[in-house]
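Analysis of the macromolecular model
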Amino acid sequence: MFEKYLKLTAYDAVFLLEATGTSLWITLVSISIGTVIGVVMGILRNSRNKLVSAIPLIYIEPLRNSPLITQLFLVYYGLPVVSGIVLDSNTAAIITLSLNTGAFFSVLMHNSIKAIPGAQWEAGLALGHSRLSVFINFIVPQVMRLLVPQAITLYINQLQCSSFVSLIGLIDLTKAGNILNLRTMRPFLIWTIMFAIYFIISYPLSQLAKKLEQKVAFSY
Amino acid sequence: MPMIEVKNIRKSFGSNTVFDDFSVNFDQSGVTVILGPSGTGKSTLLRCINGLETIDAGDILVDSLSVKEKRNLREIRLACGMVFQQTTLFPHLDVLENLVISPVKIQKMDRKEAVDKARALLDKVGLGGREHSKHNELSGGEQQRIAIARAMMMNPRALLLDEITSALDPEMTAEVLRILEKLAGDGVVMLAVTHEISFAQRVADRVIFLEKGNLVADASVDDFFSGIKSNNERIARFLQNISQG
Amino acid sequence: MHLNFNFLGRFTQDLLQGAWLTLVISFFALILSFALGLCVALMRSSKSRVLQAMGRIWVEFLRNTPFLVQLYFFYFGLPELGIKTDPVVTSIIALGINGSAPNCEVIRAGLLAVKTGYYESAYALGYSSFQTFRYIVLPISLRIAFKPLTSNCINLVLTSSVAFSITVNDLMGVSKTIAAQTAKPFEVYIFIMLAYCVFTFIISFVSKAIDRKISIRL
């Protein structure tokens, strides 16, 4: 009875699984690249040289203050026209999401480093450590505690945002929803299933972030 | 020869000049207490000696090494341990690790040796058995006692103490001062900025009084509290205010 | 590569209309997201376990599913149950509901940050518990929450651009049409990105000015 209503087959289940894989793959690759960009930019933002610390803003601010979907269209439709390089939707998606993640990550990184009291630096220096040694032994571990829960929250957010790639024709989970929807004409159920799949992936991660945040929280 | 020579230094923060042509020497023995109203450069002096602030002119020599040379800083900082007013325990490490990490990383001390030494120092500051506590399980007084032990781990020749009890309530202050008294008895050289007059009277050998970056008085503890106190009106008023506050 | 933005002049009217629609959608969605966020925050801070659980499910659900899927659910899914709204109204509702989750979280954090001392001194002055909440606790917590609320607001304006996917002709929708017509997507999207940046800079500029006026440090 229910199967008749839903009109889904085992083939569709495999199709959904593949699409889920695509969403996860795109997200995973771009958050990895984005994290590397973010760490570098975040450290540059904390430079004591005013010019060096300001330069990353040229990259960070436009990306944080404009819609991701516009950025995606710019890279996918716009870039080939002016540069002649034709990007497939996969590459365009990864480039855009990576740069976008990088911009948000650098802000997290910057704020986490800034949140460590100067007294921690001084205590380390007064014990005879070099600046580098203070950074590695005392600042980085403390930054990690602040950063990791926030980073997980950002990653979850980027997973949700990866649904935008369906708008440049990539068959991710959301696009799969569109396709099944057209075939079955059962939008209510199809989109409910989509909710369920995203939720099942995302919810445990968000709980993990919350647990970590409580566990490693410390005050100075 | 003095251990620390402060020679004609000038130090300003923006338009605020803290020291102008200021000089003083510290020998390698005894306890020196630095007194004076707030904002007269007592903390700045300690921070300049340790190279945490750069001086604008003049020079500071620690064991004849100038703080102006970057490569001397490590040796100077190892010679002068420092404890701060606010708690500076590393919050991601437990008590023992706070003590052990620096000698192991910097002086390449054997870890087991460092642990033994840390245990002995924790006993000395009355916190044996607390080695696996985290900083937020400790009272302010306990944290400061651990900070003292942590500085002692590096075998400094002198301890620079920057108002280390001023954020503590009287009971905790007393327990920290007891530890300092004990260390002074063991012959640890100290340079202490403090408002604890009774500590100065009991433990100090020499008292320095700073005001607006000038050395108003520099005397042995007996002379200071008997003679100079009554002769210098400003100092008398300062001491009176402190003992009332 | 030489860029020429002059051709955009021909589309001034379209762009302005798109921008206006973006503003309208954002404005109403903002009000909805704030009202809902406040309600859910109150549910989550209430003593009733049932209300707490409902509030929590609301927030967790919204935070752990993509906005685009939520939008499709409202636009394509609900009509199957007989609930039909036009694209603009659907976008406002979807954005408002989506935005209520982060708003709830920051308002709740604001409520939690109000120290018990304020409650006690209000009671001591003879306030009832409702009056205490209405005149003391709520104003304090909203001031604390103001800054994060404005960054949620910026987020909402940016997210509103997704509405074009259900045929809304907002700024993003209009620019997509222009990009297709002129075959100059690069210039168009760069320009649109800058336009959104201008929006968000204005919002953060104004909100910073307000924050300086009303902020309190506890």
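Let me sum up the structure you'll find in this document. These numbers come from a predicted model, not from an experiment.

A word on the overall build of chain A. When helices and strands are counted, chain A shows 10 helices and 0 strands. Radius of gyration (C-alpha) of chain A: 21 Å, far over the 17 Å computed for a compact globule of 220 residues. With respect to the three principal axes, the spread of C-alpha positions in chain A is 75 × 45 × 25 Å. Burial analysis of chain A (220 residues in total) assigns 52% to the buried set. By sequence separation, contacts in chain A at least 24 residues apart represent 74% of the contacts at least 6 residues apart. As displayed, chain A has an accessible area near 10,000 Å², and 72% of this comes from carbon and sulfur atoms. For chain A, the separation between the mean place of its 15 positive charges and that of its 8 negative charges on side chains is 8 Å.

With that settled, the discussion passes to the arrangement of the chains. Contacts are most numerous, across the 2 pairs of chains in contact, for chains A and C. Between chain B and chain C there is no contact; the minimum C-alpha to C-alpha separation amounts to 20 Å.

Once that is clear, we can look at the packing of helix α1 (residues 12-45) of chain C against helix α8 (residues 185-214) of chain C. Residue and element names in this part refer to chain C. Contact geometry for α1 and α8: axes closest at 13 Å, N-to-C directions at 40°. Judged on the interaxial angle alone, α8 and α1 are oblique. Regarding α1 and α8, the two cross each other, and that crossing is right-handed. Contacts between α1 and α8 involve Leu15, Ala19, Thr22 and Leu23 from the former and Phe191, Ile192, Tyr196 and Phe199 from the latter. Across the contact of α1 with α8, the residue classes tally to 7 nonpolar, 1 polar and no charged.

What follows is about the interface of chain A and chain B. Across the contact, 19 residues belong to chain A and 24 residues belong to chain B. Measuring nitrogen to oxygen at the nearest pair gives 2.4 Å for the salt bridge that ties Glu122 of chain A to Arg47 of chain B. Elements that contribute at least two residues to the side of chain A that touches chain B include exactly α7 (118-126) and α8 (131-161) of chain A. Residue composition of the side of chain A that touches chain B, by class: 9 nonpolar, 8 polar and 2 charged.

This part covers the environment of Phe191 of chain C. Residue and element names in this part refer to chain C. Topologically, Phe191 is positioned in helix α8. Each C-alpha atom of the pair Phe191 and Ser175 lies 9.1 Å from the other, and the pair is 16 residues apart in sequence. Those residues in contact with Phe191 that sit more than four places away from it in its chain are Phe5, Leu8 and Leu15.

With that settled, the discussion passes to the interface of chain A and chain C. Taken together, the 42 residues of chain A in the interface contact 38 residues of chain C. Taken together, the two surfaces of chain A and chain C that pack against each other cover about 3,400 Å², and 76% of this comes from carbon and sulfur. If you sort the residues of chain A by the area they bury against chain C, Asn65, Phe188 and Phe195 of chain A come out on top, with a joint share of 20%. Two residues, Glu60 of chain C and Lys210 of chain A, come together in a salt bridge whose shortest N-O distance is 3.0 Å. For the side of chain A that touches chain C, the elements supplying multiple residues, two or more each, are α4 (56-64), α5 (68-83), α8, α9 (173-184) and α10 (187-216) of chain A. Counting residues per element, the side of chain A that touches chain C draws most heavily on α10 of chain A, which supplies 14 residues. Each residue belonging to the side of chain A that touches chain C can be placed in one class, and the counts come to 23 nonpolar, 15 polar and 4 charged.

Now for the pattern of salt bridges. Residues and elements named next belong to chain B. Using the criterion set out here, one finds 18 salt bridges over all chains in the structure. Lys124 is paired through a salt bridge with Asp186; the nearest N and O atoms lie 2.8 Å apart. Note that Lys124 is positioned in helix α4 (residues 111-124) and Asp186 in the loop between α6 (170-185) and β8 (189-193), a separation of 62 residues in sequence. According to the relative accessible area criterion, Lys124 is partly exposed, its value standing at 32%. Assessed through its relative accessible area of 45%, Asp186 is described here as partly exposed.

Quick look at the sheet that holds strand β5 (residues 65-66) of chain B now. Residues and elements named next belong to chain B. On the basis of which strands lie adjacent, the open sheet formed by 4 strands has the order β2-β1-β4-β5 and antiparallel pairing. Each edge of the open sheet carries a strand with a single partner, namely β2 (16-26) and β5. Sheet topology note: the strand β1 (residues 4-13)/β2 ladder contains 7 bridges and is antiparallel. The residue bridging Phe13 from the neighbouring strand is Asn16, located in β2.

This next bit is on the pairing of strand β10 (residues 214-220) of chain B. Residues and elements named next belong to chain B. Across 6 bridges, strand β9 (residues 206-211) lies against β10 in antiparallel orientation. Considered in β10, the bridge of Ile208 is made with Asp218. Two successive antiparallel strands, β9 and β10, enclose a turn made up of 2 residues, where Lys212 displays a positive phi of approximately 50°.

Turning to the packing of aromatic side chains, a few remarks are in order. Across all of its chains, the model carries 20 aromatic pairs over all chains by this definition. A ring pair is formed by Phe188 of chain A and Phe73 of chain C, whose centres lie 5.3 Å apart and whose planes are at 45°; its orientation type is tilted. With Phe188 of chain A in helix α10 and Phe73 of chain C in helix α3 (residues 67-77), this pair bridges two chains. Residue placement shows Arg150 of chain B over the ring face of Phe90 of chain B; its charged tip is 4.5 Å from the ring centre.

Attention now goes to α8 of chain A. The first and last C-alpha atoms of α8 of chain A sit only 38 Å apart over 31 residues, clearly below the 45 Å expected at 1.5 Å per residue. Helix geometry: α8 of chain A is bent most strongly at Ile139 of chain A, by close to 40°, with proline Pro141 of chain A lying one to four residues after it.

The next point concerns the sheet that holds β8 of chain B. Residue and element names in this part refer to chain B. If you walk across this open sheet you meet the 6 strands as β6-β7-β8-β3-β9-β10, and the pairing is mixed. Each edge of the sheet is formed by a strand with only one pairing partner; in this case those strands are β6 (80-83) and β10. Between one strand axis and the next, the sheet turns by 15° as a mean value, whatever way the strands run. Across the sheet, helix α1 (residues 42-49) is in contact with β3 (31-35), β6, β7 (158-162), β8 and β9; its angle to β7 comes to roughly 145°. Packed onto the sheet, α6 meets β3, β7 and β8 and runs at close to 150° relative to β8.

The next thing to look at is unusual backbone geometry. All names here are of chain B. The backbone of Glu163 sits at a positive phi, close to 50°, despite the residue not being glycine. Secondary-structure assignment places Glu163 in the loop between β7 and α6. Classification of Glu163 by relative accessible area gives buried; the value is 15%. Although it is not a glycine, Lys212 sits at a positive phi angle of roughly 50°.

Here the focus is the environment of Gly9 of chain C. Residue and element names in this part refer to chain C. With respect to the element layout, Gly9 can be found in the segment before α1. Residue class for Gly9 comes out partly exposed when judged on its relative accessible area of 46%. Separated by 66 residues in the primary sequence, Gly9 and Tyr75 have C-alpha atoms spaced 33 Å apart.

Once that is clear, we can look at the pairing of strand β4 (residues 57-62) of chain B. All names here are of chain B. In the sheet, β1 pairs with β4 via 5 bridges, with the strands oriented antiparallel. Among the inter-strand pairings, Val6 is bridged to a residue of β4, identified as Ile60. Two strands pair when backbone bridges link them, and β4 and β5 are joined in this way by 2 bridges, in the antiparallel orientation. Its bridge partner being in β5, Leu61 is matched across the sheet by Ser66. Between β4 and β5, which pair antiparallel in sequence order, lie 2 residues; one of them, Asp63, sits at a positive phi of approximately 50°.

Each value, and the rule that gives it
Residues numbered from 1 in each chain as written. Chains lettered and ligands numbered in written order. Predicted model: local features only at pLDDT ≥ 70, side-chain atom pairs only at ≥ 80, totals over all residues. Heavy atoms only, no water. Helix = DSSP H or I, 4+ residues; strand = E, 2+ residues; numbered from the N terminus. Rg over C-alpha atoms; globule rule 2.2 N^0.38 Å. Buried < 20%, exposed > 50% of the residue type's maximum accessible area, 1.4 Å probe, protein only. Contact = heavy atoms within 4.5 Å. Areas by Shrake-Rupley, 256 points an atom, 1.4 Å probe, with all protein chains shown as cover. Lys, Arg positive; Asp, Glu negative; His and termini not counted. Charge placed at Lys NZ, Arg CZ, Asp CG, Glu CD. Axes fitted to C-alpha atoms, helices over the stretch in contact; angles between N-to-C directions. Parallel < 35°, antiparallel > 145°, perpendicular 65-115°, else oblique. Left-handed = near helix turned anticlockwise from the far one by under 90°. Nonpolar A, V, L, I, M, F, W, Y, C, P; charged D, E, K, R; others polar. Salt bridge = Lys/Arg side-chain N within 4 Å of Asp/Glu carboxyl O. Buried area = accessible area lost by both parts, 1.4 Å probe. Pairing = 2+ DSSP bridges. Phe/Tyr/Trp six-rings, centres within 6.5 Å; stacked < 30°, edge-to-face > 60°. Lys NZ or Arg CZ within 6 Å of the ring centre and 35° of its normal. Expected span 1.5 Å × (residues − 1). Bend = angle between axes of the 7 residues up to and from the residue.

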